[in-house]
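# Close look at the chain arrangement
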Amino acid sequence: MSNFILEISYLIGAILFIVGLKKLSHPDSARQGNSIAAAGMILAIIATIFFHKDASGHGIGNLIWIFAALAVGTGIGYLMAKRVQMTAMPELVSVFNGLGGASAMTIASVEYFTNGSTAYGFLSVLFLSLVIGAISFTGSIVAYGKLAGKVKDISSNALTILNWILLAAIIILIIVAVFNPTILGGSGILWLLLLLSLVYGVLFVFPIGGADMPVVISLLNSLTGVAAAFAGFLYHNQVMMVGGVFVGSAGLILTILMCKAMNRSLLNVIIGSFGGGAVAGGGEKGEQVVKEIGITDAAILCGYASQVCIVPGYGLAVAQAQHICNDFEKQLESRGVEVFYAIHPVAGRMPGHMNVLLAEADVPYPKLVEMDDANDKLPNTDVVIVVGANDVVNPAAEDEPSSPIYGMPIIQAHNAKNIIVMKRSMSKGYAGIQNQLFFDPKTRMLFGDAKDSLGKLVSELKSM
Amino acid sequence: MEEVASYFLSNRIFIYMVIFAIFLGIEVISNVPAILHTPLMSGANAVSGVVIIGAIIVVGHAAPDNYWALGLGFLAVVLGMINVVGGFAVTNRMLEMFKKKK
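Rules behind the numbers
- Residues numbered from 1 in each chain as written.
- Chains lettered and ligands numbered in written order.
- Predicted model: local features only at pLDDT ≥ 70, side-chain atom pairs only at ≥ 80, totals over all residues.
- Heavy atoms only, no water.
- Axes fitted to C-alpha atoms, helices over the stretch in contact; angles between N-to-C directions.
- Helix = DSSP H or I, 4+ residues; strand = E, 2+ residues; numbered from the N terminus.
- Parallel < 35°, antiparallel > 145°, perpendicular 65-115°, else oblique.
- Left-handed = near helix turned anticlockwise from the far one by under 90°.
- Nonpolar A, V, L, I, M, F, W, Y, C, P; charged D, E, K, R; others polar.
- Contact = heavy atoms within 4.5 Å.
- Buried area = accessible area lost by both parts, 1.4 Å probe.
- Salt bridge = Lys/Arg side-chain N within 4 Å of Asp/Glu carboxyl O.
- Domains from an automatic or database assignment.
- Core = buried A, V, L, I, M, F, W, Y, C linked by side-chain atoms within 4.5 Å.
- Buried < 20%, exposed > 50% of the residue type's maximum accessible area, 1.4 Å probe, protein only.
- Phe/Tyr/Trp six-rings, centres within 6.5 Å; stacked < 30°, edge-to-face > 60°.
- Expected span 1.5 Å × (residues − 1).
- Pairing = 2+ DSSP bridges.
- Patch = residues over 30% accessible without salt bridge, like charges linked within 9 Å, V, L, I, M, F, W, Y side chains within 5 Å.
- Areas by Shrake-Rupley, 256 points an atom, 1.4 Å probe, with all protein chains shown as cover.
- Arc of directions from axis to C-beta.
- Polar contact = N/O pair within 3.5 Å; in protein donor to acceptor, adjacent residues only side chain to side chain.

## Brief notes about the packing of helix α8 (residues 213-234) of chain A against helix α9 (residues 238-261) of chain A
Residue and element names in this part refer to chain A. Contact pair α8 / α9: the axes reach a minimum separation of 7 Å and the direction vectors enclose 160°. Between α8 and α9, the interaxial angle falls into the category roughly antiparallel. Where α8 crosses over α9, the handedness of that crossing is left-handed. Classifying every residue of the contact of α8 with α9 gives 16 nonpolar, 9 polar and no charged.

## Considering the interface of chain A and chain B
Interface size is often expressed as the accessible area that is lost when the parts come together. Across the contact, 107 residues belong to chain A and 83 residues belong to chain B. Interface of chain A and chain B: buried area, both sides summed, is about 8,300 Å²; carbon and sulfur atoms make up 78% of it. For the chain A face of the interface with chain B, the top three residues by lost area are Arg31(A), Met41(A) and Trp65(A), together amounting to 9%. Linking chain A with chain B are 1 salt bridge, by the criterion used here. Residue Arg31(A) is joined to Glu96(B) by a salt bridge in which the shortest nitrogen-to-oxygen separation is 3.4 Å. When contributions to the side of chain A that touches chain B are tallied by element, the ones reaching two or more residues are α1 (2-24), α2 (30-51), α3 (63-83), α4 (89-115), α5 (120-147), α8, α9 and α14 (353-360) of chain A.

## Re the domain arrangement of chain A
You can read the domains of chain A as domain 1 (1-83), domain 2 (101-277) and domain 3 (295-463). Look at where the C-alpha atoms of domain 1 of chain A and domain 3 of chain A centre, and you get two points 43 Å apart.

## Regarding the nonpolar core
If you look at the biggest cluster of nonpolar residues, it comprises 202 residues, and the most contacted ones within it are Phe127(A), Phe328(A) and Ile53(B). With 17 residues, helix α5 (residues 67-100) of chain B is the largest single contributor of residues to this core.

## A word on the packing of aromatic side chains
Residue and element names in this part refer to chain A. Using the criterion set out here, one finds 9 aromatic pairs over all chains in the structure. When the centroid spacing of 6.0 Å and the interplanar angle of 45° are considered together, the rings of Tyr112 and Phe127 count as tilted. You can see Tyr112 sitting in helix α4 and its partner Phe127 sitting in helix α5, a full 15 residues away along the chain. In this pair, the class of Tyr112 matches that of Phe127, namely buried.

## Let's talk about α1(A)
When the terminal C-alpha atoms of α1(A) are compared, their 32 Å separation across 23 residues agrees well with the 33 Å that a helix rising 1.5 Å per residue should span. Listed as buried for α1(A) are Leu6(A), Ser9(A), Tyr10(A), Gly13(A), Ala14(A), Phe17(A), Ile18(A), Gly20(A), Leu21(A) and Leu24(A).

## Describing the domain arrangement of chain B
You can read the domains of chain B as domain 1 (1-31) and domain 2 (35-102). Look at where the C-alpha atoms of domain 1 of chain B and domain 2 of chain B centre, and you get two points 24 Å apart.

## Thoughts on the sheet that holds strand β6 (residues 443-447) of chain A
Residues and elements named next belong to chain A. Judged by pairing direction, the sheet is parallel, and its 6 strands sit side by side in the order β3-β2-β1-β4-β5-β6 without closing on themselves. Edge strands, defined here as strands with exactly one partner in the open sheet, are β3 (368-370) and β6. The mean angle between the axes of side-by-side strands here comes to 25°, regardless of whether they run parallel or antiparallel. Running at roughly 135° to strand β5 (residues 418-423), helix α11 (residues 295-303) makes contact with β1 (307-312), β4 (383-387), β5 and β6 of the sheet. On top of the sheet, helix α13 (residues 322-334) reaches β1, β2 (338-343) and β4; it is set at about 145° to β2, its chief contact.

## Re a nonpolar patch on the surface
A grouping of Met1(A), Phe4(A), Ile8(A), Leu11(A), Ile12(A), Ile15(A) and Val19(A) is seen on the molecular surface, where their side chains present a nonpolar patch of about 670 Å² in accessible area. Structurally, the position occupied by Phe4(A) is in helix α1.

## Side note on the pairing of β5(A)
All names here are of chain A. Among the 6 residues of β5, 5 are classified as buried, and the element is accordingly described as predominantly covered. Bridge analysis of β5 against β6 gives 5 bridges, and the strand direction is parallel. Among the inter-strand pairings, Ile419 is bridged to a residue of β6, identified as Thr443.

## Re the environment of Met422(A)
Residues and elements named next belong to chain A. By the element assignment, Met422 lies in strand β5. Sequence-wise, Met422 and Val72 are 350 residues apart; in three dimensions their C-alpha atoms are separated by 44 Å. Sequence-distant contacts of Met422, defined by excluding residues within four places in its chain, comprise Ile385, Val386, Val387, Gly388, Leu446, Ala450, Ser453, Leu454 and Leu457.

## A closer look at helix α17 (residues 450-463) of chain A
Side chains that are three or four residues apart share a direction in an α-helix, a result of its 3.6 residues per turn. All names here are of chain A. Across its 14 residues, α17 extends 20 Å between first and last C-alpha, which sits within 8% of the 20 Å expected from 1.5 Å per residue. Where α17 is concerned, the buried positions are Ala450, Ser453, Leu454, Leu457, Val458 and Leu461. Looking straight down α17, one finds its buried side chains confined to an arc of 140°; they lie on one side. Away from its buried face by more than 90 degrees, α17 exposes Lys462 and Ser463. Turning to α17, the residues buried within the fold contact α11, α13, β4, β5 and β6. The distance from a side-chain oxygen at the start of α17 to the backbone nitrogen of Lys451 is 3.1 Å, and the residue carrying that oxygen is Asp449.

## Points about the environment of Gly80(B)
Looking at the element boundaries, Gly80(B) is found in helix α5. Sequence separation of Gly80(B) and Arg12(B) is 68 residues, and the distance between their C-alpha atoms is 28 Å. Gly80(B) has contacts with Ser103(A), Gly49(B) and Ile52(B), leaving out every residue within four places of it along the chain.

## A few points about the side chain of Ser103(A)
When you line up the elements, Ser103(A) lands in helix α4. For Ser103(A), a relative accessible area of 0% corresponds to the buried category. Residues contacting Ser103(A), with those up to four places away along its chain left out, are Val51(B), Ala55(B), Ala76(B), Leu79(B) and Gly80(B).

Below is the structure:
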């Protein structure tokens, strides 16, 4: 009977996961979807604790250990989720994902020692779960480090070659280990595989440019799902399998969608590290000059415009300027200026990240205009204000085939009548390439911290 | 070869399930507006914490004096639970903001 209850709970749990993620993909039902998926998880966990039996009919023991671990994990996870700044959220998702991978890796190694089976099927599933979990773990931690600016981009051809060799070595070792589990004596092969996978996870993410981290995180997220699915195979546990595979394929599709938004292939992201020194792109920039604009002039330009478009980028988020940006917008509107935000699909550090940040600052949803619609409106826009964005407005993506971002859809800020670029300095964007927009005759640069500048603009507008 | 064949036969239901789940995942995600990519990724990330079920099984069936398995299993449950709770909580936080100004 208890087995029946367990299986029914797993079935319901799996359905809740699917319905939950389905609802998460529509704006109106997204929140409900999240709760539904969470309910599925709670159901699966409770059913496992109370109704799971091993082959010889013993129920789950060591309940104190389990409940203690659940309590500790809940506390840590909840606090991390509550305390994180919304700007740092991509990093946090990466960390969570890495921990999931670490969990898969850990149970695979425990299972190796406690089960002792040498059936080919069992061993191959176990090693795959171990390896993928380990890669996802260290890969996610490095991705976190890159997003948080703690790990620099290091890329060289030697590293790429080393990565391929490592990957090949891991695959060959898995095959060898499945047929000859004791080839290195006892558990030697397990440790070697574990070590190689942990190293591969680090080296795999190392050469990938910071700008591509969202894609990498999404890919690693997909990998964690696959690791969970393989672990599910170990226990013939349907909810783990369905949940894991489902996340694996959904994550992969999401990864591909993100690559498409940048007009690049997944392979290109993983192999071709972005914006290295090799690509000069427009070497004759020596004579070009940029024109600056003062706060007062900028305020007048915006205050007497009829339509203003704000293009927010990660710089806005870093400066924590989303709230003051909202004030600026309201100030303009009180003067009868029509304001809208043009949101590039990959603005921020993750697709949709900018929407989350602006929503946090109470910017009304209809003001956020997606790229294609924004591009239709831009030729009639009097002033475009680029706040901390760079690569997503770089016209090189449209007209300079040698540029590494050539082909990426951009927000066509250069079509507007006037352009104001708010920037700290003339440094390059995340992709590390020069932006012709800054040298456009219609462009004025407003140097300084975005929050600071916007604040001054607001007070200037008030006194006008 | 025989091993492979028998493994396939004894697990064929699971293999079907996996393949259907792959297509389901593709189907569900394909038409997502870009603004929901981040919450969706975060939500999917929380669901991938389902690996915690395996961790609970490891701890639950470990011999009470096998401290090595208990300790690692304990760690696996903690890590999985952080993934699950943190993942759902942070997704909820993001979505809360979308809802507020309706």
